[in-house]
Amino acid sequence: ACAAQQKVSLTLAQDGVAEFLEVMLPPGADPGGAVELLATDIGARWVIGATPVVVRAEGSVSDLVLLLYGRREPHELTTNGDVEALARLRSLRRA
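Given the structure is predicted, the values throughout are model-derived calculations rather than measurements. (Residues numbered from 1 in each chain as written. Predicted model: local features only at pLDDT ≥ 70, side-chain atom pairs only at ≥ 80, totals over all residues. Heavy atoms only, no water.)

> Any details on the pairing of strand β3 (residues 53–59)? Residues and values, ideally.
Relative to β3, strand β1 (residues 34–39) runs parallel, the two being bridged by 6 bridges. For Glu36, the partnering residue across the bridge sits in β3 and is Arg56. (Pairing = 2+ DSSP bridges. Helix = DSSP H or I, 4+ residues; strand = E, 2+ residues; numbered from the N terminus.)

What follows is the structure, given as structure tokens:
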């Protein structure tokens, strides 16, 4: 399936975001400013990195988990700010 057709169930997507942030990122991971993720469908918000917020990404929790794992690109979500910080955040992921 192409990336535009991918969708993750709500529960799995929530678990995937938590796993990325709590397990896949090393402690103290900082992408060069805070990345704010807003899950518009569930009203959840995550902030990763040191303030100030340099980029905000908004979308469904499914879109956010796919973004974190490189299955969505920032331009496929609503973003505001330094989108390169999203790439830096993804690059901090543990192998």
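Further notes follow.
> Got a sec to walk through the nonpolar core? Specific residues and values, please.
Core analysis: the largest hydrophobic core is formed by 25 residues, its most contacted members being Phe20, Leu25, Val35, Leu37, Leu86 and Leu89. Sorting the residues of this core by element identifies α1 (10–24), β1, β2 (44–48), β3, α2 (61–68) and α3 (84–91) as the ones contributing at least two each. With 6 residues, α2 is the single largest residue contributor to this core. (Core = buried A, V, L, I, M, F, W, Y, C linked by side-chain atoms within 4.5 Å. Buried < 20%, exposed > 50% of the residue type's maximum accessible area, 1.4 Å probe, protein only.)

> For the pattern of salt bridges, give the residues involved together with the corresponding values.
In the structure shown here, the tally under the stated rule is 5 salt bridges. The partner of Arg56 in a salt bridge is Glu36, with the nearest N and O atoms 2.7 Å apart. In this pair, Arg56 is assigned in strand β3 and Glu36 in strand β1, connecting sequence segments 20 residues apart. Judged by its relative accessible area of 29%, Arg56 is partly exposed. Arg90 serves as the salt-bridge partner of Glu73, at 3.4 Å between the closest nitrogen and oxygen. In this pair, Glu73 sits in the loop between α2 and β4 (78–81) while Arg90 sits in helix α3, placing the two residues 17 residues apart along the sequence. Glu73 gets classed as partly exposed once you look at its relative accessible area, which sits at 34%. (Salt bridge = Lys/Arg side-chain N within 4 Å of Asp/Glu carboxyl O.)

> Account for the packing of aromatic side chains, with residues named and values stated.
Each pair of aromatic rings is reported with the distance of its centres and the angle of its planes. The full count for this structure, using the stated rule, is 1 aromatic pair. Considering the side-chain rings of Phe20 and Tyr69, the 5.2 Å spacing of their centres and the 85 degrees angle between planes classify their relative orientation as edge-to-face. Taken together, the residues span a long stretch of sequence, with Phe20 in helix α1 and Tyr69 in the loop between α2 and β4 at a distance of 49 residues. The class of Phe20 is buried, set by a relative accessible area of 0%. (Phe/Tyr/Trp six-rings, centres within 6.5 Å; stacked < 30°, edge-to-face > 60°.)

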